[in-house]
Amino acid sequence: MSARYRRRTTAAAATGVAALLTVAGLSATATAAPAAKAVSVPRGLTISDGTRHVLVGGRSIDFGTVVRDLAWNPSGSKAAFVDGHGNLVVSDPDGSHRVTVAANPGNQTWSHPTWQVAAADRTNGIPAKNNIIFAAKIHGSTVLESVKATSNHGRPARISLNSDDPETGALPKTNNTWPNVGGSYGTAVYENTHNGEVYIRDDYLRQQGGPLTKGSEPALSPDSEEVVFVRSVGGHDHLFVDDLTAGTNAVKDITPHATTDYTEPTWSPNGRTIAFRTPNGTYTVTKSGHGFGNPVKASTHKGLPAYRG
C-alpha cells in the first residue's frame, strides 16, 4: 500500500477518532525552549553513549563491553547493540548472557539495530517475526539488512525494498540507514542520506513501501500511526511529526522554538512521549490535552536515548 494511499484510507477510518481528539484539544502546538532544570529520568528511558556503561533506570550499568546504538525489544527483556568489534549482539538488560547474533565479517560498519517483532497471522499464512534490522555500510554504500534475533553467528540478509506506487518508481537500494520498526506488523521507517527522504516499508503481505517526507533519523510510533523525524530549520535541527492517519499537511514542527540541535528521537512504549538528544543532555516532549508540550530536560547524560518497554 503506497504512503499516499495509506494516508487516504487510514484517514477515512480514523475520522471519528480525529473528531474526538479535536474536541479534546489534542493538536500539536508551538513549544518553548527547553527547561533549564533537570528532572528525574522518566521510567523506562535508557541512554547509551558508546562506552560500556549504559544509563538504565537512572543507574549506570556496566555491560562488560562497548555498547553502541542500543535498542530494546518490545517487552524490554533483551537489548540489541553493536559491540566494540562491530558485531551485532543481544544481551539481558544488565549486559549479561551476551550472544553474538551476527559477527561482522570485516570492512563493514554496522549501526542502528531495531527489533522487528510481530505475531503470526495464520489467516494469511504469515509466520511470526523476531528479527533485528540494521544498517550496514559495505564498500562505501549503506544498505539495510536483517537477521533473526535468536541467531548465534547468523548470516544477515539484504532487505528487499519494493515500491508500492508506479508513480514513485524504483526505490533507492543504497544510502539507506537509520531503520526503526514499530507497530504490530513489523512496519519500518528509514532515511536515505542521498536524497534526504524518509521512507516507510510495510512488511506484511506485499513487503512494499515508499517515500513519506524530507527528513532524517525517523522513528515510528508504537501504533505505527505517526513518525517523528529530524529536519533542519534556520540552522538548527528540529523535531517534526508526520501523522500517517491524516491527509495533506500532516507534518508538524513540534519544536518550533529550538535554539540548539534536537536529534535522535525515540518514542515511549505508550506513544505519548518522545525522548531526544541535545548537545547538553537528554530531553523529552510529551503529548497532553493541548498537543506536544515544552521540551523538558530528563538527564544531563548525553547519548542515544531508547525506551525499555
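- Going by an unreviewed UniProt entry, the chain carries the name WD40 repeat protein and comes from Streptomyces sp. 900105755.

Some words on the overall build of the chain
(1) Moving on: Regarding its fold elements, the chain presents two helices and 26 strands.
(2) Moving on: Burial status across the chain gives 49% buried among its 309 residues.
(3) Moving on: Contacts in the chain between residues far apart in sequence, at least 24 positions, make up 47% of those at least 6 positions apart.
(4) Moving on: Counting every atom, the chain has about 14,300 Å² of accessible surface; 51% of that belongs to carbon and sulfur.

A word on the sheet that holds strand E14 (residues 187–192)
(1) Moving on: Spatially, E12-E16-E15-E14-E13 is the arrangement adopted by the five strands of the open sheet, whose pairing is mixed. In the strand order of this sheet, the two ends are held by strand E12 (162–163) and strand E13 (176–182), each with one partner.
(2) Moving on: Relative to strand E16 (residues 208–214), E12 is paired through two bridges, and the arrangement is parallel. Residue pairing across strands places Asn-162 opposite Gln-208, the latter belonging to E16.

What to know about the packing of aromatic side chains
(1) Moving on: Under the criterion given, the structure shown has seven aromatic pairs.
(2) Moving on: Look at Trp-110 and Phe-134: their rings are 4.9 Å apart centre to centre, the planes differ by 50°, and that puts the pair in the tilted class. Of this pair, Trp-110 sits in strand E8 (residues 108–118) while Phe-134 sits in strand E9 (residues 129–138), and the two are 24 residues apart along the sequence.
(3) Moving on: Relative accessible area serves as the criterion here: at 2%, Trp-110 is assigned to the buried category.
(4) Moving on: Its relative accessible area of 1% is what places Phe-134 among the buried residues.
(5) Moving on: An aromatic cluster is present here, built from Tyr-262, Phe-276 and Tyr-283 joined pairwise through their rings.
(6) Moving on: One Lys or Arg, Arg-231, reaches over the ring of Phe-240 and ends 4.8 Å from the middle of that ring.

A few points about the nonpolar core
(1) Moving on: Of all hydrophobic cores here, the largest spans 16 residues; its most connected members are Leu-88, Trp-110, Trp-115 and Ile-132.
(2) Moving on: Looking at this core, the elements with two or more residues in it are strand E5 (79–82), strand E6 (88–91), strand E7 (99–102), E8, E9 and strand E10 (141–148).
(3) Moving on: By residue number, the principal contributor to this core is E9, which donates four residues.
(4) Moving on: Setting aside anything within four residues of it in sequence, one finds Ile-132 in contact with Ala-80, Leu-88, Val-90, Pro-113, Thr-114, Trp-115, Glu-145, Ser-146, Val-147 and Ala-149.

Regarding the environment of Asn-107
(1) Moving on: Topologically, Asn-107 is positioned in the loop between E7 and E8.
(2) Moving on: If near-sequence neighbours (up to four positions away) are discounted, Asn-107 is found in contact with Lys-137 and His-139.

Some points on the sheet that holds strand E4 (residues 68–72)
(1) Moving on: Taking strand neighbours across the sheet as the criterion, the four strands line up as E4-E5-E6-E7 in an open arrangement whose pairing is antiparallel. Edge positions in the sheet fall to E4 and E7, since each of these pairs with one other strand and no more. Pairwise comparison of adjacent strand axes, ignoring direction, gives a mean angle of 30° for this sheet.
(2) Moving on: Sheet analysis places E6 next to E7, joined by three bridges and oriented antiparallel.

Section: empty space enclosed by the protein
(1) Moving on: Following the criterion strictly, the structure yields one cavity of 30 Å³ or more and no others.
(2) Moving on: By volume, the largest cavity amounts to about 40 Å³.
(3) Moving on: Residues that form the lining of the largest cavity fall into these classes: seven nonpolar, no polar and one charged.

Notes on the pattern of salt bridges
When their charged atoms lie close together, side chains carrying opposite charge are able to pair.
(1) Moving on: Inspection of the entire model under this criterion finds seven salt bridges.
(2) Moving on: Where Glu-197 meets Lys-214, a salt bridge forms, and the shortest distance between an N and an O atom there is 3.7 Å. Of this pair, Glu-197 sits in strand E15 (residues 197–202) while Lys-214 is found in strand E16, placing the two residues 17 residues apart along the sequence.
(3) Moving on: Two residues, Glu-264 and Arg-277, come together in a salt bridge whose shortest N-O distance is 3.5 Å. Linking Glu-264 in strand E21 (residues 263–267) with Arg-277 in strand E22 (residues 273–278), this pair joins segments that are 13 residues apart in sequence.

Cut-off values and rules
- Residues numbered from 1 in each chain as written.
- Predicted model: local features only at pLDDT ≥ 70, side-chain atom pairs only at ≥ 80, totals over all residues.
- Heavy atoms only, no water.
- Helix = DSSP H or I, 4+ residues; strand = E, 2+ residues; numbered from the N terminus.
- Buried < 20%, exposed > 50% of the residue type's maximum accessible area, 1.4 Å probe, protein only.
- Contact = heavy atoms within 4.5 Å.
- Areas by Shrake-Rupley, 256 points an atom, 1.4 Å probe, with all protein chains shown as cover.
- Pairing = 2+ DSSP bridges.
- Phe/Tyr/Trp six-rings, centres within 6.5 Å; stacked < 30°, edge-to-face > 60°.
- Lys NZ or Arg CZ within 6 Å of the ring centre and 35° of its normal.
- Core = buried A, V, L, I, M, F, W, Y, C linked by side-chain atoms within 4.5 Å.
- Axes fitted to C-alpha atoms, helices over the stretch in contact; angles between N-to-C directions.
- 1 Å grid on protein atoms, 1.4 Å probe; cavity = no way out; pocket = protein on both sides within 12 Å on 5 of 7 lines; lining within 4 Å.
- Points joined across faces, edges and corners; volume = space filled by probe spheres on them.
- Nonpolar A, V, L, I, M, F, W, Y, C, P; charged D, E, K, R; others polar.
- Salt bridge = Lys/Arg side-chain N within 4 Å of Asp/Glu carboxyl O.

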